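Structural characterization, general
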Amino acid sequence: MASLDNAAARAVETFQPGPGMHTLTAGRGLLFGGDYNPEQWPEHVWAEDVELMRAAGVNLVTVGVFSWARIEPEQGKRDFAWLDRVLDLMSEAGIAVDLATPTASPPPWLGHRRPQTLPVDESGHRLWYGSRNQFCPSSPVYRERALALVADLATRYAGHPALALWHVGNEYGQICHCDESAKAFRTWLKDRYGDLDTLNDAWGTTFWSQRYSDWAEIITPRRAPSMINPSQQLDWRRFCSDALLAHFRAERDVLRARTPDTPITTNFMGLFKPVDYWSWADEEDIVSNDHYPDPSDPLAPARAALTHDLMRGLAKGRPWLLMEQSTSAVNWRPHNPPKPPGRLRLESLQAVARGADGLCYFQWRASRFGAERFHSAMLPHAGPDTRLHAEVRAHGRELRELASVAGQPVPARVAMVFDWPNWWALEERGRPSDRLNATDQLFCYYLPFWERGVSVDLVPPSADLRGYSLVVVPNLFLISDEDAAALSGYVRGGGVLVVGPFSGIVDQRAHVRTGRFPAPLRDVLGASGEEHRPADGPVRCRWTTGTEFAAHTWTELVAAEGAETMAEFAEGGPAVLRHRSGQGVAWYVATMPEPDALGELATRALADAGVHGVLPDLPRGVEAVRRGDVLFLLNHGTDTVRVPLPHAATDLLTGSAADGELTLSPQEVAALVNPSPTGNRVRS
Ligand code: GAL
């Protein structure tokens, strides 16, 4: 097997698993389980649940996410007796509980009595109960009721042997335009700008006669006759993410004061636009995520890999928890085909390979009623004697073979920069093309690295880049002076940088940086531009080696200023440039090349950086990633493939040996370790 290069080996040596996740996996190995909603079932069913959970190797369940109305049936009343019995059952069965604060879905009595706790949309319409998530993040009444409940919950279960983890709320993402939110927005703006003149400058309110003369005039960006001020929108998005974070923190602090040794998490949703997860991740003990790949999307495996790498980035390299996935079909896409047999295992092991120490599902037992009746579960309506449940059980059992993977890092020498405020700013209305999007750009640039078996860390623009040999910036339309200086310094110090189009265009207020673009990166890139030229139809380009390729959607009129032109537009002018700056190299891409051309670019940049994939000659569709001393190979393709191995290896999942070559059928996974001369596993 390819030996770890020095940087990767150092990463393995210096890595310390975070105390949060370690407290969960110690003695348990990888975590396996799901959301458990016993309040939907009579108690006699609970005993069967526990028996089946044990048979499936379940060691963690998330309890109580939507139980506010059950715990507090009327304002101020408490009914914890049922929850006591659930937690006692779990502790007797040796199953750890991830106990939720049930504040994502307030009961109807709260909305009925206090409608001001309900959210208001951008048209000024109130959204009602009868579904879930109906709260205003800035409502003092909601906050007070939620915290009172959380305090009682924490007091009651502090020290309970089943309590292993707190799950705060659920998938935060509420946005509210009510008067209370407007008031909170104004307070947030006062904090940020101090006085109205500074705010007026920041928002460029001389445009379209938008000048504010009194703080009271400032409202949330409600529906308006034409395009909204982009700087106002950007601050609004920042505020919305911060307002939710403030609520999360308030619940967290109540929990922490009562149970200081119990780790706290809240479930993220991958590349979810409304919430800036970089600003959230440090506020929790364990990063967890919900991920639902679309079984009909051929690129779903690469998208999942990207999301998992983002979670590892948010966790700063520490293990993270896949809090929710589905065993088969979801019910919230318009058409919901099931996952084929074997897919559940493949997807789950992919998350393990990319740093997850826990694999949980929504949900344990399929609901009989409610909006998610037709969502798959670990235990389907048809019962335990089913193909799906048999797969769940087999997967739970085999995860025990991977217990030693828990806590292991995924070393990466390539970083990819992603930023929420940039996402928000880039995708405001009124730009040259709405076909250039932050997450599409991210994915286009990520894909060739995934195909080449090169591990990538997702990082924020402010990250310390010194440990990386290659940094890719798919897009940073919005960039601060400091972050631009850090990228330039990184290159001068010997790093290799790739920058995608329409980067370095606006500052943090979303004001255009005047002069030739990308103004703050011009020196390091050795190139600059003067016109953005969105394209209709394919754009013909040519590498200077003579090979042609197609690009699409976007072109720029740029000139080399010291950089070498590596590819040109057929109509003339540089399309891809490479510049030696200090000890390093910077690439600039002034268009959107087709996937093969981005692959070629990745190959060249990797060569500049001296980085290679974990295995040479990776067959198409096979994902290869190293975690600690285990090399994971996952066949997402539809053909049986042979993967050449440089060394003999043993598969932890099957115990079988492979020498020189490994045969992987579709959806098959191998977790390979080097065998010692005695046949025992060697740890690095
Ligand atoms: C998640 C949510 C769960 C459940 C699941 C269904 O987004 O947290 O409560 O609704 O989706 O896929």
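No experiment lies behind these values; they were computed from the predicted model shown.

1. With respect to the pattern of salt bridges
All told, the structure shown has 46 salt bridges when counted by the stated rule. Arg312 is paired through a salt bridge with Asp457; the nearest N and O atoms lie 3.0 Å apart. On the criterion of sequence distance, the pair formed by Arg312 in helix α12 (residues 300-314) and Asp457 in strand β11 (residues 456-459) is long-range, its members being 145 residues apart. Arg312 gets classed as buried once you look at its relative accessible area, which sits at 2%. Judged by its relative accessible area of 15%, Asp457 falls in the buried class. Within the structure, one salt-bridge network assembled from shared partners comprises Glu72, Arg78, Glu144, Arg145 and Asp152.

2. Some thoughts on the sheet that holds strand β22 (residues 630-635)
A sheet is described by the order of its strands in space; here five strands give the open sequence β21-β22-β27-β24-β25, paired in antiparallel fashion. With partners counted over all chains shown, the strands left at the sheet margins are β21 (622-627) and β25 (657-658), one partner each. Note: strand β24 (residues 649-651) against strand β27 (residues 669-673), two bridges, orientation antiparallel. Within the sheet, the bridge partner assigned to Asp651 lies in β27 and is Leu672.

3. Some remarks on the site of the ligand
Looking at the ligand, the residues that line it are Phe66, Arg132, Asn170, Glu171, Asp290, Tyr292, Glu324, Trp332, Phe362, Glu372 and His375. Glu171 is positioned such that a nitrogen or oxygen atom in its side chain is 2.5 Å from an oxygen atom of the ligand. At 2.7 Å, a side-chain N or O of Trp332 approaches an oxygen atom of the ligand. Protein contacts shield 94% of the accessible area of the ligand, which totals 310 Å² for the unbound molecule. A per-class count over the shell around the ligand returns four nonpolar, two polar and five charged.

4. Quick look at the packing of aromatic side chains
All told, the structure shown has 26 aromatic pairs when counted by the stated rule. Ring plane angle 80° and centroid distance 5.9 Å describe the contact between Trp203 and Tyr212, whose orientation is recorded as edge-to-face. Of the two residues, Trp203 and Tyr212, neither departs from the other in class, the shared state being buried. Between Phe207 and Trp208 the ring centres are 4.9 Å apart and the planes differ by 35°, which places this aromatic pair in the tilted class. A relative accessible area of 52% means that Phe207 is categorised as exposed. Ring pairs connect the aromatic residues Phe185, Trp188, Trp203, Tyr212, Trp236 and Phe239, which therefore count as one cluster. Positioned above the aromatic ring of Phe443, the side-chain terminus of Arg303 is 4.4 Å from the ring centre. When the ring centre of Trp41 is taken as reference, the NZ or CZ atom of Arg368 above it lies at 4.1 Å.

5. Describing the state of the cysteines
Enumeration over the complete set of coordinates arrives at zero disulfides. In this model Cys136 remains outside any disulfide bridge; the closest cysteine sulfur is found in Cys176, 3.7 Å from its own. Its relative accessible area of 0% is what places Cys136 among the buried residues. Free cysteine: Cys444, not disulfide-bonded; nearest cysteine sulfur from Cys541 at 14 Å. For Cys444, a relative accessible area of 29% translates into the label partly exposed.

6. Regarding the environment of Ala586
Along the polypeptide, Ala586 turns up in strand β19 (residues 584-589). Separated by 95 residues in sequence, Ala586 and Val491 place their C-alpha atoms 6.7 Å apart. Leaving out residues up to four positions away in the same chain, Ala586 has contacts with Val491, Leu497, Val524, Leu525, Leu577, Arg578 and His579.

7. What to know about the domain arrangement of the protein
Assigned domains within the protein: domain 1 (31-174 + 244-405), domain 2 (414-609) and domain 3 (622-673). If you average the C-alpha positions of domain 1 and of domain 2, the two centres end up 37 Å apart. If you look at the interface, domain 1 gives 21 residues, while domain 2 gives 18 residues. Interface area for domain 1 against domain 2, summed over the two sides, is near 1,700 Å², with a carbon-plus-sulfur share of 70%. It is Lys273, Trp278 and Leu306 in domain 1 that bury the most area against domain 2; as a group they hold 39% of the surface buried on that side. Summed over the shared surface of domain 1 and domain 2, the result is two salt bridges. Between domain 1 and domain 2 we count 11 residue pairs in polar contact (both at pLDDT 80 or more) in total. Going through the elements one at a time, α11 (277-281) and α12 are the ones with two or more residues in the side of domain 1 that touches domain 2.

8. A short note on the pairing of β22
Within a regular beta strand, the side chains point alternately toward one face of the sheet and then the other, so they alternate between its two faces. With six of six residues buried, β22 is to be regarded as a mostly interior element. By the alternation rule, side chains of β22 split into Val630, Phe632 and Leu634 and Leu631, Leu633 and Asn635, which are all buried. Two strands pair when backbone bridges link them, and β21 and β22 are joined in this way by six bridges, in the antiparallel orientation. Each residue of the ladder has a partner; that of Ala624, found in β22, is Leu633. Adjacent in sequence and paired antiparallel, β21 and β22 are bridged by two residues, among which Gly628 carries a positive phi angle near 55°.

What counts, and at which threshold
Residues numbered from 1 in each chain as written. Predicted model: local features only at pLDDT ≥ 70, side-chain atom pairs only at ≥ 80, totals over all residues. Heavy atoms only, no water. Salt bridge = Lys/Arg side-chain N within 4 Å of Asp/Glu carboxyl O. Helix = DSSP H or I, 4+ residues; strand = E, 2+ residues; numbered from the N terminus. Buried < 20%, exposed > 50% of the residue type's maximum accessible area, 1.4 Å probe, protein only. Pairing = 2+ DSSP bridges. Near = heavy atom within 4 Å. Polar contact = N/O pair within 3.5 Å; in protein donor to acceptor, adjacent residues only side chain to side chain. Areas by Shrake-Rupley, 256 points an atom, 1.4 Å probe, with all protein chains shown as cover. Nonpolar A, V, L, I, M, F, W, Y, C, P; charged D, E, K, R; others polar. Phe/Tyr/Trp six-rings, centres within 6.5 Å; stacked < 30°, edge-to-face > 60°. Lys NZ or Arg CZ within 6 Å of the ring centre and 35° of its normal. Disulfide = S-S within 2.5 Å. Contact = heavy atoms within 4.5 Å. Domains from an automatic or database assignment. Buried area = accessible area lost by both parts, 1.4 Å probe.

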